[in-house]
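Coordinate analysis (summary)
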4 protein chains.
Amino acid sequence: MMAGADLLCELMREYHRRGWVSGTGGGICRVVAPERLLVAPSGVHKERLAPEDFFVISTGDGRVLAVADDPGLVPSECTPVFRLIVRLRHAGSVLHSHALSAVLAGDTAIDGAVTISGLEMLKGIQGVAASDRHAVPVVQNTVREAELVDEVGLALGDDRYGSAYAVLVRDHGAYIWGRDVWEAKRHAEVYHYLFDALRERRS
Amino acid sequence: MMAGADLLCELMREYHRRGWVSGTGGGICRVVAPERLLVAPSGVHKERLAPEDFFVISTGDGRVLAVADDPGLVPSECTPVFRLIVRLRHAGSVLHSHALSAVLAGDTAIDGAVTISGLEMLKGIQGVAASDRHAVPVVQNTVREAELVDEVGLALGDDRYGSAYAVLVRDHGAYIWGRDVWEAKRHAEVYHYLFDALRERRS
Amino acid sequence: MMAGADLLCELMREYHRRGWVSGTGGGICRVVAPERLLVAPSGVHKERLAPEDFFVISTGDGRVLAVADDPGLVPSECTPVFRLIVRLRHAGSVLHSHALSAVLAGDTAIDGAVTISGLEMLKGIQGVAASDRHAVPVVQNTVREAELVDEVGLALGDDRYGSAYAVLVRDHGAYIWGRDVWEAKRHAEVYHYLFDALRERRS
Amino acid sequence: MMAGADLLCELMREYHRRGWVSGTGGGICRVVAPERLLVAPSGVHKERLAPEDFFVISTGDGRVLAVADDPGLVPSECTPVFRLIVRLRHAGSVLHSHALSAVLAGDTAIDGAVTISGLEMLKGIQGVAASDRHAVPVVQNTVREAELVDEVGLALGDDRYGSAYAVLVRDHGAYIWGRDVWEAKRHAEVYHYLFDALRERRS
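Residues numbered from 1 in each chain as written. Chains lettered and ligands numbered in written order. Predicted model: local features only at pLDDT ≥ 70, side-chain atom pairs only at ≥ 80, totals over all residues. Heavy atoms only, no water.

1. Notes on the overall build of chain A
Heads up, the condition is: Each helix corresponds to a stretch of at least 4 residues labelled H or I by DSSP, and each strand to a stretch of at least 2 residues labelled E; elements are numbered beginning at the N terminus. The quantity called the radius of gyration is restricted to C-alpha atoms. Its globule counterpart is 2.2 Å times the number of residues to the power 0.38.
Broken down by element type, chain A carries 5 helices and 9 strands. Listing each helix as α and each strand as β along chain A from the N terminus yields α-β-β-β-β-α-β-α-β-β-α-β-β-α. A compact globule built from 203 residues would reach a C-alpha radius of gyration of about 17 Å, and chain A, at 16 Å, matches this within 12%. Considering only C-alpha atoms, chain A reaches an extent of 45 × 30 × 30 Å along its principal axes.

Structural data, given as structure tokens:
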């Protein structure tokens, strides 16, 4: 029942090399069947994930439908946010990145968003043109998970961010998604590039 | 008929690792026979290219002479610019890089060019001496492909840029070429080093 | 008797790639049995360590209980500091990093400490919350090893640093530890991220 | 007769990954017998060197004692400087690095030298203490090879640089050596770290 986890393991090795999921941080998920979300475990070294470490979670009510082989594992803390993004944006896969570049991008937020323009790389985001001014919401970091779900939910419901495939969380990182694993990977590479560009062009 | 694609696949894996072709961006081509240009497909993860994903395009009129195995693939959007550079500069291979360092170099353009001097690494460009002042054209980014071809064509026809093996595209990246794949690779490494040097010496 | 060294060799290859143990610098150890500390040798290229290069040292009195196969090797110069941290903090594994980011973090010390706050990544440190102000001691670099042991001992005994799993050594690097190898690895990745963040947010 | 070249090939792959020998630049050599110097070829992609690409050169008079298999190859342009360093400093191996960090370090020269202090990493240089002020000569870049040999010769004969295992060449890079391949590798990692530290601490 863990079909599809191999690719997530491979991507997490690559993302760890890039510094996006350091220190057991970050997370990843993908929809493997209607209402069935394959979710990585919490608090493990993400470059060492194996398919049998994953959980299957009901997108709708969050029930655990299949557990990891190791009884010591629990699903990612990101799971409620993952489920929200899957439901509200029809995402097929979501990455939670702890990249420092995402934190630094969030530091530049004005009125709860960063706006990116003047970069061809914007075309790498589904539906976005290189000439667009692309607004990405930046929500406050919260101590309690439920609060973060509320904040992300508000951002996703805000018309200003209708074209965004990412939400930045201040002092924390970013959620980045796509309609499937490949689009989520493309968006992850594009948004991290855009975060780097924000920093470089500011200095 | 895809002979010669193996090396391009290997180089794209390396260029992806370096951040030059992130987010399915960038492209690569090589001449495999007179008038026959081997071209990577558009919009795929460039580190995962396989030889059967390539197209053969007529350098002269742009006709597709051989298609990729996967009917869902289309040739790189860079193809018209690739063909132009091959024709006007007798290039044997061209890389289209989306490196952030190329974008940042383009940001420093004065009168449509960046001029690089005082670096031994300039010797790595065919025909250029370390003591030269080396001018690289910087063209505007355009929404429509046809306009970019026009702009690159003007730059390549400008005597001031006769020694350049690269064209920077503002907010976008660079085209870098050589008489064969190995010279194009050498030039790619040299120009990205020069772009990094521009940034470091400016700050 | 060198059981458990394989993983340390693997981690040192990774840490060398990251620039944390360059130029034969840095060191690593782990507790393999009560009072028995597995310690890497001094002054060797750390990415080329093999299990037979390790020593077993008595945590209590520092006696060498088992030697490396190569009679030319000697235990890491860090051994007295390693033993101290194991005893005072019940560490199961300690990394000595020479990362430049640790040196630069130490440069910003005020009153013998750097204080880190406003970063979710702090949660990656055992017992620390993202909302904490986390103080890491910064001790002076010393010529003689015995003096460094004294300084680190004072820092570890200081209540202000009770939550720290790292000690910065000015102009030198850092000691980072955890209750076992996996926690030490997590803490190593977290603290290096925090050191990078200090630099980036300052500039 | 190319014994000992395997390790140089491996190191050049690693140095290429680090950006020290980009664009076919840089070079490496080692003494394989009295008066016999194994030298890499000029102008090839350094990460793709094979043992049969190397030359054996007489340290004394520079004669070619054994040639590479490929008749199109010629010995590194660095060979006269390599021979000089081997003779004057009894080096067993020399690296010529084109790292941008070496160029940027050279930019900060005062009176023909950079002086590095206040870094434990200095201990990684044979005979140097962490508390030393370590002076590294910076010579002017020259168009003609013979002039560079003269300049490096003057620097190596200057008492102020008696403890240096590196010479910086302005706008160009560095020569770094050791009594054997392993010490040269250690010194290469140490000096590049020191060059990075100069840049970071200046900004």
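This is not the end of the story, as more comes after the structure.
2. Observations regarding helix H5 (residues 181-202) of chain D
Residues and elements named next belong to chain D. In plain terms, the rule: By this rule the span expected of a helix is its residue count minus one, scaled by 1.5 Å. Exposure categories follow from relative accessible area, calculated using a 1.4 Å probe and restricted to protein chains: below 20% of the type maximum is buried, above 50% is exposed, and the middle band is partly exposed. Between N or O atoms, a polar contact is any pair within 3.5 Å; within protein, one atom must be a potential hydrogen donor and the other a potential acceptor, and residues adjacent in sequence are included only when both atoms are from side chains.
With 22 residues, H5 extends 32 Å from end C-alpha to end C-alpha; this agrees with the ideal 32 Å at 1.5 Å per step. Here H5 lies mainly inside the structure; 16 of its 22 residues are buried. N-cap assignment for H5: the residue whose side-chain oxygen lies 3.2 Å from the backbone N of Trp-182 is Asp-180.

3. Here's the deal with the packing of aromatic side chains
Rules: By convention, a stacked pair of Phe, Tyr or Trp rings (six-membered ring in the case of Trp) has centres within 6.5 Å and planes under 30 degrees apart, an edge-to-face pair has planes over 60 apart, and any other such pair is tilted.
According to the stated counting rule, one finds 16 aromatic pairs over all chains in the structure shown. Between B:Tyr15 and B:Trp20, the ring centres sit 5.0 Å apart and the planes meet at 35°, which makes this aromatic pair tilted.

4. Focus: the confidence of the model for chain A
Condition: Per residue, pLDDT measures the predictor's confidence, with a range of 0 to 100.
Averaged over chain A, the pLDDT score is 96; the fraction of residues at 70 or greater is 99%. At the level of chain-chain contacts, confidence expressed as ipTM amounts to 0.96, with global pTM at 0.97.

5. Comments concerning the interface of chain D and chain B
Applicable threshold: Residue contacts are defined here by distance: any two heavy atoms, one from each residue, within 4.5 Å place the two residues in contact. Note on definitions: buried area is the accessible-area loss of two parts on being combined, 1.4 Å probe, summed for both. Salt bridges are defined as contacts in which a side-chain nitrogen from Lys or Arg sits within 4 Å of a carboxyl oxygen from Asp or Glu. Ten residue types, Ala, Val, Leu, Ile, Met, Phe, Trp, Tyr, Cys and Pro, are classed as nonpolar, four, Asp, Glu, Lys and Arg, as charged, and the remainder, Gly among them, as polar.
On the chain B side, the residues contacting the 19 residues of chain D number 21 residues. Taken over both partners, the interface formed by chain D and chain B buries close to 1,700 Å², and the fraction arising from carbon and sulfur atoms is 51%. Our count for the chain D to chain B interface comes out at 6 salt bridges. The interface formed by chain D and chain B includes 13 residue pairs in polar contact (both at pLDDT 80 or more). The greatest single-element share of the side of chain D that touches chain B, amounting to 4 residues, is contributed by helix H3 (residues 100-107) of chain D. Residue classes in the side of chain D that touches chain B are distributed as 4 nonpolar, 8 polar and 7 charged.

6. Focus on the interface of chain A and chain B
Facing the 21 residues of chain A at the interface are 19 residues of chain B. A combined buried area of about 1,700 Å² lies between chain A and chain B, and 51% of that area is made up of carbon and sulfur atoms. By the criterion of area lost to chain B, the three top residues of chain A are A:Glu120, A:Tyr193 and A:Arg201, representing 31% of everything that side buries. The partner of B:Glu47 in a salt bridge is A:Lys185, and the shortest N-O contact between them spans 2.6 Å.

7. Regarding the pairing of strand E7 (residues 134-139) of chain B
Residues and elements named next belong to chain B. We count it as follows: Two strands pair under a simple rule: DSSP has to find at least two bridges between them. By the criterion used throughout, a crossover qualifies as right-handed when its path from the first strand across the helix to the second strand runs clockwise, the strands pointing away from the viewer.
In terms of residue burial, E7 counts as a mostly covered element, since 6 of its 6 residues are buried. Neither face of E7 is left uncovered, since the one carrying His-134, Val-136 and Val-138 and the one carrying Ala-135, Pro-137 and Val-139 both have all their residues buried. Of the pairings in the sheet, the one linking strand E6 (residues 113-116) to E7 comprises 4 bridges and is antiparallel in character. Of the residues in E7, the one forming a bridge with Ala-113 is Pro-137. Strand direction decides the pairing type here: E7 and strand E8 (residues 166-169), joined by 2 bridges, are parallel. Residue Val-139 lies in a different strand from E8, and its bridge partner there is Val-169. Traced from E7 through helix H4 (residues 145-156) to E8, the parallel crossover comes out right-handed.

8. Let's talk about the arrangement of the chains
Left apart from each other, chain B and chain C have a closest C-alpha approach of 12 Å. Without any contact between them, chain A and chain D keep their closest C-alpha atoms 12 Å apart.

9. Notes on the sheet that holds strand E1 (residues 27-33) of chain B
Residues and elements named next belong to chain B. Stated precisely, the cut-off is as follows: To define axes, lines are fitted to C-alpha atoms, for helices over the stretch in contact only, and angles between the resulting N-to-C directions are given on a 0 to 180 degree scale.
Reading across from one edge, E4-E3-E2-E1-E5-E9-E8-E7-E6 is the order of the 9 strands in this open sheet, with mixed pairing throughout. The strands lining the two open edges of the sheet, one partner per strand, are strand E4 (64-66) and E6. Here the average twist between neighbouring strands, direction ignored, is 25°. Where E1 and strand E2 (residues 36-39) come together, 4 bridges link them in antiparallel fashion. Looking at E2, one finds that Arg-30 is bridged to Leu-38.

10. Observations regarding the relation of the copies chain D and chain B
Put simply, the rule reads: Only residues with pLDDT of at least 70 in both copies count here: their C-alpha atoms drive the least-squares fit that superposes the copies.
The two copies are related by a screw motion: chain D maps onto chain B through a turn of 90° and a shift of 0.0 Å along the axis, at an RMSD of 0.0 Å. Expressed as a symmetry operation, the mapping of one chain copy onto the other fits a four-fold axis. Ranked by how close their C-alpha atoms come to the rotation axis, the residues of chain D are headed by D:Ser203, at 6.0 Å. A low fraction, 5%, of the interface residues of chain D reappear at the interface in chain B, so the copies pair through non-equivalent surfaces.

11. Quick notes on the relation of the copies chain A and chain B
For the pair chain A and chain B, the superposition axis carries a translation of 0.0 Å, the fit reaches an RMSD of 0.0 Å, and the rotation angle comes to 90°. The two copies present different faces, since only 5% of the interface residues in chain A are matched by interface residues at the equivalent positions in chain B.

12. Looking at the pattern of salt bridges
Enumeration according to the criterion identifies 60 salt bridges over all chains in this entry. Among the ionic pairs, A:Glu14 bridges to A:Arg18, the shortest N-O distance being 2.8 Å. Residue classification places A:Glu14 among the partly exposed residues on the basis of a relative accessible area of 22%. Residue classification places A:Arg18 among the partly exposed positions, given a relative accessible area of 24%. Across the salt bridge formed by C:Arg201 and A:Asp107, the nearest N and O atoms sit 2.8 Å from each other. Within this pair, whereas C:Arg201 is found in helix H5 (residues 181-202), its partner A:Asp107 is found in helix H3 (residues 100-107), the two belonging to separate chains.

13. A short note on the environment of B:Asp171
Tracing the sequence through the fold places B:Asp171 in the loop between E8 and strand E9 (173-178). Linking B:Asp171 and B:Val139, residues 32 residues apart in sequence, is a C-alpha distance of 9.8 Å. The residues contacting B:Asp171, other than those within four sequence positions of it, are A:Gly118, A:Leu119, A:Glu120, A:Arg201, B:Val103, B:Asp107 and B:Asn141. Separated by 2.7 Å, the side chains of B:Asp171 and A:Arg201 make a polar contact.

14. Some words on the state of the cysteines
Using the following cut-off: The definition used for a disulfide is geometric: two cysteine sulfur atoms within 2.5 Å.
Counted under the stated rule, the structure contains 0 disulfides over all chains. With no disulfide partner, A:Cys29 has as its closest neighbouring cysteine sulfur the one in A:Cys78, 8.5 Å distant.

15. Observations concerning the environment of D:Leu119
Counting through the fold element by element, D:Leu119 comes out in the loop between strand E6 (113-116) and strand E7 (134-139). For D:Leu119, a relative accessible area of 3% corresponds to the buried category. Separated by 75 residues in sequence, D:Leu119 and D:Leu194 place their C-alpha atoms 8.2 Å apart. If near-sequence neighbours (up to four positions away) are discounted, D:Leu119 is found in contact with C:Val103, C:Asp171, D:Ala130, D:Leu194, D:Ala197 and D:Arg201.

16. Topic: the environment of D:Gly4
Residue and element names in this part refer to chain D. Tracing the sequence through the fold places Gly-4 in the segment before helix H1 (5-17). For Gly-4 and Ala-184, which are 180 residues apart along the polypeptide, the C-alpha to C-alpha distance reads 14 Å. Once residues within four sequence positions are removed from consideration, Gly-4 is found in contact with Arg-30 and Leu-38.

17. Concerning unusual backbone geometry
Located in the positive-phi region is C:Asp171, a residue other than glycine, with phi close to 60°. Not every positive phi belongs to a glycine, and D:Thr24 is a case in point at roughly 70°. For D:Thr24, a relative accessible area of 12% corresponds to the buried category.

18. A look at helix H4 (residues 145-156) of chain C
What sets the pattern is the α-helix's 3.6 residues per turn: residues three or four places apart point alike. All names here are of chain C. Operational definition: The arc in question is formed by the directions pointing from the helix axis toward the C-beta atoms.
With 12 residues, H4 extends 16 Å from end C-alpha to end C-alpha; this agrees with the ideal 16 Å at 1.5 Å per step. Those residues of H4 that fall on the buried side of the exposure criterion are Leu-148, Val-149, Val-152, Ala-155 and Leu-156. Buried residues in H4, looked at end-on, bunch into an arc of 125°, giving them a common side. The exposed set on the far side of H4, more than 90 degrees from its buried face, consists of Asp-150 and Leu-154. In this fold, the buried residues of H4 make contact with helix H2 (79-89), strand E7 (134-139), strand E8 (166-169) and strand E9 (173-178).

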